[in-house]
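If you want the building blocks of each chain, they are given just below.
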Amino acid sequence: MNAYQNGKKIDCHTHIYNEQIRAEYFSRTSGYAIVMQLPERILANPDCAKTVMSDPRLFLCPCIDLKQPIPPQLAAIEPNLEKHKVVGLKIYLTYQQGRASDEALLPAYEFAKKHSLSVTFHTGLCSLVLPSDGDMEGSDARYIGKVAQKFPEVNFIIAHMDDPRFTDCIRIVSQHENLFTDFSGAYETGTKEGGDVAGAIATFAAAIHSQPGMARKILYGTDFCPPINLGQLAEYDQTIEEIFPEKDFSAIYCENCLRAFPRLKKYLKESDLL
């Protein structure tokens, strides 16, 4: 049994975009979850916001489609910030060509600053089953580091630890107070990590322990989305148990996410997390 079985969890990265996925997720785990909307050109998820609104345990990060003008997308998100329980934005680097430091993205960061939103980036390797531009160089965490320095008021989450550039990612995260990372999506069916959980944990541990103080910067995230072979949950508990001492579990599972996504506090009371 997981040593944190009765503790509160906030899953920082899921794709719970319809009722079926929502029902399966909460039949297998408890706590809260942040839902990352996908650009429709990557995966159709028209009921994403509706699903989030249907459950008090879910919160939304609307996507920014890099293949469309960004200011009109922000204008469409703004009136629904409260209704959709928006806590951040999601940008799909690698899948869509571009760098975090591109000038075209500056309005998104200004928008995040204005509304106390966080920005999560897909970085590194992509799903085995979704269409992608394959822009690995563009998603490099070093460009996110530049943005973090320019926008110190905004928190940025480097999802997937810039797979496979794990150690470089951790070094960059360690240099900026407003950077966080996770190893969500690591155990996708068909990947090397999915077929060798112990080996993956050893790799993640080496990277995470390469810098001090990383227990403050790592978020619990699963990338849960069974339709695209991301139905793993127990593997993430195992990973956290083997990398971190028990005294750090509450930080990894909950407290770090509350710091990384400050707008969560608009929707969660302290009593919800006891």
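Going by the structure above, here's the rest.
Caption draft 1: Layout of the overall build of the chain. Helices and strands together make up the secondary structure of the chain, namely 10 helices and nine strands. Taking 19 Å as the expected radius of gyration for a compact globule of 274 residues, we find that the chain reaches 17 Å, a close match to that expectation. Dimensions of the chain, computed from the C-alpha atoms along their principal axes, are close to 45 × 40 × 35 Å. Taking the intrachain contacts of the chain between residues at least 6 apart in sequence as the baseline, contacts between residues at least 24 apart amount to 75%. Roughly 11,200 Å² of accessible area belongs to the chain as shown, and the carbon and sulfur atoms make up 51% of that amount. Separation between the mean location of the 28 positive side-chain charges and that of the 35 negative ones in the chain comes to 5 Å.

Caption draft 2: Geometry of the side chain of Lys85. You can see Lys85 is positioned in the loop between helix H3 (70–77) and strand E5 (88–92). Here Lys85 sits buried without a salt bridge, and the closest side chain of opposite charge, Asp55, lies 6.1 Å off (N-O distance). At 2.9 Å, the side chain of Lys85 and the backbone oxygen of Val52 are in polar contact. Once residues lying within four places of it in the same chain are set aside, the contact partners of Lys85 are Val52, Met53, Asp55, Pro56, Leu58, Phe59, Leu60, Asn80 and Tyr267.

Caption draft 3: Looking closely at the nonpolar core. In terms of nonpolar packing, the biggest core is built from 100 residues, with Tyr109, Phe156, Phe204, Ile208, Phe261 and Leu264 touching the most fellow members. Among all residues touching Leu264, those that are not within four sequence positions of it are Ile10, Ile34, Phe59, Val87, Cys257 and Leu258.

Caption draft 4: Representation of the pairing of strand E7 (residues 156–159) within the structure. Going residue by residue along E7, you find Phe156 and Ile158 tucked away on one face and Ile157 and Ala159 tucked away on the opposite face as well. Where strand E6 (residues 118–122) meets E7, four bridges bridge the pair, whose relative direction is parallel. Of the residues in E7, the one forming a bridge with His122 is Ala159. For the segment spanning E6, helix H5 (residues 141–150) and E7, crossover handedness is right-handed. Bridge count between E7 and strand E8 (residues 179–182): three bridges; the pairing is parallel. Bridge pairing in E8 links Phe156 to Leu179. In this fold, E7 hands off to helix H6 (residues 166–174), which returns the chain to E8; that crossover is right-handed.

Cut-offs used in this document
Numbers given for residues are sequential positions, taken from 1 along each chain in its written order. Reporting of local features is limited, given that this is a predicted model, to residues whose pLDDT is at least 70; pairs of side-chain atoms are given and counted only at 80 or more, and all residues count toward the totals for whole chains, interfaces and linings. Water and hydrogen atoms were dropped before computing side-chain values, which therefore reflect all heavy atoms in the structure. Secondary structure counts use DSSP, requiring at least four H or I residues in a row for a helix and at least two E residues in a row for a strand, with both numbered from the N terminus. When we talk radius of gyration, it's over C-alpha atoms, and the globule rule is simply 2.2 Å times the number of residues to the 0.38. Contacts: residue pairs with any heavy atoms within 4.5 Å of one another. Areas reported as accessible are Shrake-Rupley estimates using a 1.4 Å probe. Residue values count occlusion only from the protein chains shown. Counted as positive: Lys and Arg. Counted as negative: Asp and Glu. His and the chain ends are not counted at all. In this description, the location of a charge corresponds to atom NZ of lysine, CZ of arginine, CG of aspartate or CD of glutamate. The classification of residues rests on relative accessible area computed with a 1.4 Å probe and restricted to protein chains. Under 20% of the type maximum is buried, over 50% is exposed, and intermediate values are partly exposed. Any carboxyl oxygen of Asp or Glu within 4 Å of a side-chain nitrogen of Lys or Arg constitutes a salt bridge here. Any pair of nitrogen or oxygen atoms within 3.5 Å is treated as a polar contact; in protein, a donor-acceptor pairing is required on top of that, and neighbouring residues in sequence qualify only through side-chain atoms on both sides. Among buried residues, the Ala, Val, Leu, Ile, Met, Phe, Trp, Tyr and Cys ones that are joined through side-chain atoms within 4.5 Å form a nonpolar core. Strand pairing is defined by DSSP finding a minimum of two bridges between the two strands. With its strands directed away from the observer, a crossover is right-handed exactly when the path from the first strand over the helix to the second travels clockwise.

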